[in-house]
Amino acid sequence: MGNKINDPIVRLMGLRYKSHPWHGLDIGTDAPNVVTAFIEMVPTDTVKYELDKVSGYIKIDRPQKYSNVVPALYGFLPQTYCGDLVAEYCMLQTERTDIHGDGDPLDICVLTEKTISHGDIIAEVRPIGGFRMLDKNEADDKIIAVLKHDATYNIYNDISELPHVVIDRLRHYFLTYKDLPGEERRTEITHVYNKEEAFEVIRRSAEDYKNHFQGLEDILSRV
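Keep in mind that what you see is a predicted model, and the values were worked out from it rather than measured.

Draft legend 1. Region of interest: unusual backbone geometry. Put simply, A31 and P32 share a cis peptide bond, and its omega is 5°. A positive phi angle, close to 60°, is found at D98, a residue other than glycine.

Draft legend 2. Up close: the pairing of strand β1 (residues 35-41). Judged by how many residues are buried, β1 sits mostly within the fold: seven of seven residues are covered. Sheet topology places β1 next to strand β7 (residues 121-135); five bridges connect them, and they run antiparallel. Bridging across to β7, V35 finds its partner in V125. Pairing of β1 with strand β4 (residues 73-76), which is carried by three bridges, proceeds in the antiparallel orientation. Paired with M41 across the two strands is Y74, which belongs to β4.

Draft legend 3. The nonpolar core, seen in detail. One finds L77, I108, V110, V125 and I143 to be the most contacted residues of the largest nonpolar core, which totals 28 residues. Put simply, the parts of the chain that give this core at least two residues each are β1, α2 (84-94), β6 (107-111), β7, β9 (142-147) and α4 (195-212). With four residues, α2 is the largest single contributor of residues to this core. Those residues in contact with I108 that lie beyond four places of it in its chain are V35, A37, L73, Y74, G75, F76, L77, V125, I143 and A145. Counting 23 residues, the second largest nonpolar core, distinct from the first, contains F131, I144, L175 and Y177.

Draft legend 4. Helix α3 (residues 164-176), seen in detail. Across its 13 residues, α3 extends 18 Å between first and last C-alpha, which sits within 8% of the 18 Å expected from 1.5 Å per residue. Of all the positions in α3, only V166, I167, L170, Y173, F174, L175 and T176 are classed as buried. Along its buried surface, α3 packs onto β4, β6, β7, β9 and β10 (187-193).

Draft legend 5. The pattern of salt bridges, seen in detail. Within this structure, the stated rule accounts for 13 salt bridges. Note that K48 is salt-bridged to E50, the shortest N-O span being 3.3 Å. R203 is the partner of E200 in a salt bridge, and the nearest nitrogen-oxygen pair spans 3.7 Å. On the criterion of helical spacing, the pair formed by E200 and R203 is a turn pair, its members being three residues apart in helix α4.

What counts, and at which threshold
Residues numbered from 1 in each chain as written. Predicted model: local features only at pLDDT ≥ 70, side-chain atom pairs only at ≥ 80, totals over all residues. Heavy atoms only, no water. Buried < 20%, exposed > 50% of the residue type's maximum accessible area, 1.4 Å probe, protein only. Helix = DSSP H or I, 4+ residues; strand = E, 2+ residues; numbered from the N terminus. Pairing = 2+ DSSP bridges. Core = buried A, V, L, I, M, F, W, Y, C linked by side-chain atoms within 4.5 Å. Contact = heavy atoms within 4.5 Å. Expected span 1.5 Å × (residues − 1). Salt bridge = Lys/Arg side-chain N within 4 Å of Asp/Glu carboxyl O.

Here you go:
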């Protein structure tokens, strides 16, 4: 699943200019088995950071108003996009209609025993499953992965093998991190799915990216 955006000329440009995390990094030549994740947030963050899609810099989205903090490394997969194909798969699996992709890169949570002090980094990770999450009528899948060669989590090959408490902690975070007092909950998790379904979501999001940013590869290859 490597992408020709990362041809030799573009890689040489990366020696002088920082690559855009969404468009300039590659998802990995062995994707979806092993993927490159761009990490935006770590569990010690008390502020929600996210990528500014235009500049490629990490920006402050909002302070965490309540006690919930992300229980794992959190970020996205480069050169992915949650569009029509991701939404189609979500509708197929949930037997619902009128679901749209959220228009963002595919989110990913990375489990590791190590304390990582900050985001704005990349990591090689192995997807082992995911959450089929809906934010109102938008598909907002969360891929669950383990850090490659992690001393504790590397033994897990599928999300079904994880301790229940790990799944419960992640589920609780994603169901509550957008909640505000007096407002109706806007998110739901319809399924916890296995590695093979995670691979399918990753493939579809990579294809959605190519479809949505049609011509970007050719433009960059002529730089």
